[in-house]
Amino acid sequence: MTVHRRQIGDIDLVILQEGAAFMDRESVIARYPNVAPADVSAALGDEPPSGCLNLPFIQSGGKRILVDVGFGESAPGMGGVLRGLASLGVAPADIDTVYLTHFHADHIAGMFDAEGKLVYGDARYLTTRAEWDEWMQRWAASESPADARNLALFQSISDRVDFVEPGTAIAPGVTVVDLAGHTRGHSGLLLESGGERLIHAVDLLHQPFQFARTDWHFSFDSNPAAAVRTRRRVLQRCVDENLLTLMYHMPFPGLGRVAGGGEVFAWQPAD
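Residues numbered from 1 in each chain as written. Predicted model: local features only at pLDDT ≥ 70, side-chain atom pairs only at ≥ 80, totals over all residues. Heavy atoms only, no water.

Chemist: Looking at this structure, how should I read the overall build of the protein?
Modeler: In terms of helices and strands, the protein carries seven helices and 14 strands. For 271 residues, the compact-globule formula gives about 18 Å, and the C-alpha radius of gyration of the protein, at 18 Å, lands near that figure. Projected onto its principal axes, the C-alpha coordinates of the protein cover approximately 50 × 45 × 35 Å. Residues counted as buried form 50% of the 271 residues belonging to the protein. Sequence-distant contacts in the protein: of pairs separated by 6 or more residues, those separated by 24 or more amount to 68%. Here the protein displays about 11400 Å² of accessible surface, and carbon together with sulfur accounts for 50% of that area. If the 22 positive side-chain charges of the protein are averaged to one point and the 34 negative ones to another, these points end up 2 Å apart. (Helix = DSSP H or I, 4+ residues; strand = E, 2+ residues; numbered from the N terminus. Rg over C-alpha atoms; globule rule 2.2 N^0.38 Å. Buried < 20%, exposed > 50% of the residue type's maximum accessible area, 1.4 Å probe, protein only. Contact = heavy atoms within 4.5 Å. Areas by Shrake-Rupley, 256 points an atom, 1.4 Å probe, with all protein chains shown as cover. Lys, Arg positive; Asp, Glu negative; His and termini not counted. Charge placed at Lys NZ, Arg CZ, Asp CG, Glu CD.)

Next comes the structure, spelled out in structure tokens:
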């Protein structure tokens, strides 16, 4: 298990590494459909692709908030969130709120166990209405048994889901941030306390080379053009406001600052 603790003023932040998935180089290259494969290969260089999943666990104002749930025990090499929480003395039943940034599998597969029971059974679930609607529609239109299962499971807990919008405070100093593009309702969180600030930018990008190549589309983006606009807007905000930044898929713990501006940026991992 891997955990990283960080104070943001009075906010207690723990970054939990769900896992570090093996990323096949060729499959990563194929995920950038508007770019020549040779250019993606050159951008990767000799470094292995980043496959980390970094999830924040936030304690503020007496609330215990888990942001996304990872794969859980449904995928080999995963389950680090549950082990990390256990190392902190936190049981799944202790989680007050689960904030879902978006509904891709690496963020939601750990919601339910193999029997379809909620892992975080005492929590309220927060997400944006746009995100909920996108996936209810997608799963309903799909012929995949996995999608049908997701639809049934999420509909079964609809009375435990509350919808929030950008600007909503979900705990003292913890505010929803618009990241739409990767998915229709993709969102992150801004943490502010005691003069310190951190933005959780989630899946704004997926590999380090994207900082310098912000116009490269990612195959899992619902709206690639909107994702490019959001990527540049949020990265520019990170630079302009010198925000400590948390990325879901950068090497653990996924913390750093963004340099550059305009269309070309650079990632500077935190010490």
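Following the structure, the description resumes.
Chemist: Whenever I open this one, the pairing of strand S14 (residues 264-269) confuses me. Can you help?
Modeler: Both strand S13 (residues 255-261) and S14 contribute to a ladder of six bridges, which runs antiparallel. Following the sheet pairing, Val258 is matched in S14 by Trp267. Turn length for the S13-S14 hairpin, with the two strands adjacent in sequence and antiparallel, is two residues, and the turn residue Gly262 shows positive phi of about 80 degrees. (Pairing = 2+ DSSP bridges.)

Chemist: Would you take a moment to explain the state of the cysteines for this structure?
Modeler: When the sulfur atoms of two cysteines share a covalent bond, that bond is a disulfide. In total, this model carries zero disulfides according to the counting rule given. We note that Cys52 lacks a disulfide partner, and the nearest cysteine sulfur, in Cys238, lies 19 Å from it. (Disulfide = S-S within 2.5 Å.)

Chemist: Would you mind showing me how to read the side chain of Asp12 here?
Modeler: Take Asp12: it is sitting in strand S2 (residues 11-20). Overall, Asp12 belongs to the buried group, its relative accessible area being 13%. In this structure, Asp12 is in contact with Arg5, Arg6, Gln7, Phe57, Ile58 and Gln59, ignoring residues within four places of it in sequence.

Chemist: Where do I start with the sheet that holds strand S1 (residues 3-8) in this structure?
Modeler: Strand-to-strand pairing in sheets goes through backbone hydrogen bonds, with the strands running parallel or antiparallel. Sheet architecture is open: seven strands sit in the order S1-S2-S3-S4-S5-S6-S7, paired in mixed fashion. Looking at strand neighbours, the two that pair on one side only are S1 and strand S7 (161-164), the edges of this open sheet. Here the strands of the sheet are splayed against their neighbours by 25 degrees on average, with no regard to which way each runs. Helix H3 (residues 80-87) contacts S1, S2, strand S3 (52-60) and strand S4 (63-67) of the sheet and is inclined by roughly 140 degrees relative to S2. Contacting strand S6 (124-128) and S7, helix H5 (residues 129-141) crosses the sheet at an angle of about 90 degrees to S6. (Axes fitted to C-alpha atoms, helices over the stretch in contact; angles between N-to-C directions.)

Chemist: What's the story with the pattern of salt bridges in this structure? I'm lost.
Modeler: Side-chain pairs of opposite charge can arise whenever the charged atoms involved come near each other. According to the stated counting rule, one finds eleven salt bridges in the structure shown. As a salt-bridge pair, Arg197 and Glu241 come within 2.8 Å of each other at their nearest N and O atoms. Of this pair, Arg197 sits in strand S11 (residues 196-202) while Glu241 sits in the loop between helix H7 (224-240) and strand S12 (244-247), and the two are 44 residues apart along the sequence. Judged by its relative accessible area of 29%, Arg197 falls in the partly exposed class. Taking the shortest distance from any N to any O, the salt bridge between Arg237 and Glu241 comes out at 3.1 Å. Note on Arg237: relative accessible area 26%, which makes it partly exposed. (Salt bridge = Lys/Arg side-chain N within 4 Å of Asp/Glu carboxyl O.)

Chemist: Looking at this model, I keep getting lost on the environment of Arg197. Mind explaining?
Modeler: For the pair Arg197 and Trp216, spaced 19 residues apart in the sequence, the C-alpha separation amounts to 28 Å. Excluding residues that lie within four positions of it along the chain, Arg197 makes contacts with Ile8, Leu190, Leu191, Glu192, Arg237, Glu241, Leu243 and Leu244. Only 2.8 Å separates the side chain of Arg197 from the side chain of Glu241, close enough to count as a polar contact. (Polar contact = N/O pair within 3.5 Å; in protein donor to acceptor, adjacent residues only side chain to side chain.)

Chemist: Explain the sheet that holds strand S9 (residues 174-178) here, please?
Modeler: The seven strands are arranged S8-S9-S10-S11-S12-S13-S14 in an open sheet whose pairing can be described as mixed. Of all strands in the sheet, those with a lone pairing partner are strand S8 (169-171) and S14, marking the two edges. Ignoring strand direction, the axes of neighbouring strands in this sheet form an average angle of 35 degrees.

Chemist: Looking at this structure, how should I read the packing of aromatic side chains?
Modeler: Aromatic ring pairs are defined here through the distance separating the ring centres and the angle between the ring planes. Under the counting rule described, the total for this entry stands at 14 aromatic pairs. Centre to centre, the rings of Phe112 and Phe154 are 5.6 Å apart; their planes meet at 75 degrees, and the pair counts as edge-to-face. One end of the pair, Phe112, is in the loop between helix H4 (105-108) and S6; the other, Phe154, is in helix H6 (residues 145-156), and 42 residues separate them in sequence. For the pair shown, Phe112 and Phe154 are each scored as buried. Consider the rings of Trp139 and Phe154, whose centres lie 5.3 Å apart with planes at 50 degrees: the pair is tilted. With a gap of 15 residues between them, Trp139 in helix H5 and Phe154 in helix H6 connect regions that are remote in the sequence. The two residues Trp139 and Phe154 agree in class, both being buried. An aromatic cluster is present here, built from Phe103, Phe112, Trp132, Trp135, Trp139, Phe154 and Phe163 joined pairwise through their rings. (Phe/Tyr/Trp six-rings, centres within 6.5 Å; stacked < 30°, edge-to-face > 60°.)

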